[in-house]
Amino acid sequence: MKNYKLLTPGPLTTTETVKKEMLFDHCTWDDDYKQITQEIRRELLNLAHVSEEEYTAVLMQGSGTFGVESVLTSVIGKEEKLLIAANGAYGKRMVSIAEHACIDYTLYEEDFDKVPCARKIAEILDGDGRITHVAMVHSETTSGILNDISSVAKVVKERGRTFIVDAMSSFGGVDIQVGELGIDFIVSSANKCIQGVPGFSFIICRRDKLMESKGKARSLSLDLYDQWETMEKDGKWRFTSPTHVVLAFRKALDELKEEGGIEKRNERYTQNHKILIENLAKLGIKPYVGADVQGPIITTFYYPENHHFSFQEMYEYIKERGYAIYPGKVTDADTFRIGNIGEIYPEDMVKVTAIISEFLKETN
Ligand SMILES: *Cc1c(COP(=O)(O)O)cnc(C)c1O
């Protein structure tokens with residue numbers, strides 16, 4: 001099959017060196033392997049700007065959703081209630097998780113091109129004393145909007161509630177002061193901005209909140225406290241761990257450091273995004289969300305106007321020329337998406353926008 005680069009929000013194009021790590025079948029019970037797990041857990045705390053005294057990192061088998069489901073089904077007790085602020089499909093996925101696990105919840109929904117409002121969240125919390133937890137997405141990958149977790153964290157913390165953030169597509173690509181904001185649980189996964197391969201998610205937890213959750217889990221495999229308890233002893237995973245993915249992830253963390261950390265990675269993604277927006281604007285292709293709330297991770301674009309446009313045709317055309325893009329996911333408009341993350345550089349954005357320009361010329 002002809003190779004192509006992924007301009008999608010995960011899995012992403014990774015480096016050869018990250019992929020090469022997976023050629024080794026590592027044993028899981030020996031000290032070398034357990035040390036790798038512990039190193040990864042420590043490094044994740046560094047990236048989140050938190051101390052080992054206050055926070056701890058838990059790795060969980062499965063894709064990103066498993067991590068979100070693990071938190072929601074492990075830390076919200078039978079007598080407790082969750083507020084979900086949603087402005088996209090990933091926010092709504094939390095609703096679905098709550099439904100499946102019979103978690104008592106209330107939903108505050110925003111349009112897909114608007115960020116959830118901290119003032120409204122404050123009003124909802126003040127009006128319902130039963131709400132104990134608030135959950136929201138940081139980078140809503142459905143649209144590419146970057147939600148204002150700082151303002152929300154403030155009102156949630158002022159009211160003494162627990163704050164859960166799905167930072168799946170932003171952690172490692174957008175700097176998040178987890179400790180300063182007082183986020184209690186933040187979830188991301190191996191195959192997004194850290195640029196590893198798919199296979200596990202990770203959760204950075206405030207220790208006291210994690211301790212409080214003991215015995216609350218509604219699932220065996222996704223029991224966050226149990227997973228932590230086993231892992232905390234010496235780095236052993238509770239059930240079979242995705243060894244190849246773990247080795248690749250450690251390498252990906254090294255490469256993030258070599259690139260200059262989150263700040264430099266963010267600069268590259270931002271640069272990718274800037275070129276994309278500017279070059280597509282010249283072709284009359286406009287972004288779906290406003291520039292003031294647009295994040296650097298992925299961008300949703302309206303179909304070009306005055307053009308007999310077929311996404312499938314454009315997708316095939318671009319793929320033959322070396323890139324895979326993403327269909328739209330918003331529900332109220334015809335859109336497509338292009339991701340800026342992974343082993344992708346400004347020259348890739350110059351190339352892909354030139355390919356799109358050629359496609360529009362040829363099909364007009
Ligand atoms: C990728 C992503 C997830 C997890 O999706 P999986 O397909 O389970 O890996 C969750 N939330 C957001 C915001 C995401 O971007």
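Everything numeric in this text was worked out from a predicted model, so none of it was measured.

1. What to know about the domain arrangement of the protein chain
And step 1. Here the protein chain is described as being made up of domain 1 (5-9 + 260-363) and domain 2 (16-257).
And step 2. The straight-line distance from the C-alpha centre of domain 1 to that of domain 2 is 27 Å.
And step 3. Summed over both sides, the interface between domain 1 and domain 2 buries roughly 2,100 Å², with carbon and sulfur atoms accounting for 57% of that surface.
And step 4. Among the residues domain 1 hides against domain 2, the three largest losses belong to I262, R265 and K329. Together they make up 31% of the total.
And step 5. Summed over the shared surface of domain 1 and domain 2, the result is zero salt bridges.
And step 6. Counting across the interface, domain 1 meets domain 2 through 16 residue pairs in polar contact (both at pLDDT 80 or more).
And step 7. Where the side of domain 1 that touches domain 2 is concerned, the elements lending two or more residues are α11 (261-281) and β11 (298-302).
And step 8. Top element by residues in the side of domain 1 that touches domain 2 is α11. It accounts for six residues.

2. Side note on the packing of helix α2 (residues 31-47) against helix α10 (residues 243-259)
And step 1. α10 packs onto α2 with a crossing angle of 40° between their chain directions and a minimal axis gap of 10 Å. On the basis of their axis angle, the class for α2 and α10 is oblique. In the packing of α2 onto α10, the handedness of the crossing is left-handed. Of the residues in α10, those in contact with Y33, I36, T37, E39, I40, E43, L44 and L47 of α2 are T243, V246, L247, F249, R250, L253, L256 and K257.
And step 2. When grouped by side-chain class, the residues that make up the contact of α2 with α10 number ten nonpolar, two polar and four charged.

What counts and how
Residues numbered from 1 in each chain as written. Predicted model: local features only at pLDDT ≥ 70, side-chain atom pairs only at ≥ 80, totals over all residues. Heavy atoms only, no water. Domains from an automatic or database assignment. Buried area = accessible area lost by both parts, 1.4 Å probe. Salt bridge = Lys/Arg side-chain N within 4 Å of Asp/Glu carboxyl O. Polar contact = N/O pair within 3.5 Å; in protein donor to acceptor, adjacent residues only side chain to side chain. Helix = DSSP H or I, 4+ residues; strand = E, 2+ residues; numbered from the N terminus. Axes fitted to C-alpha atoms, helices over the stretch in contact; angles between N-to-C directions. Parallel < 35°, antiparallel > 145°, perpendicular 65-115°, else oblique. Left-handed = near helix turned anticlockwise from the far one by under 90°. Contact = heavy atoms within 4.5 Å. Nonpolar A, V, L, I, M, F, W, Y, C, P; charged D, E, K, R; others polar.

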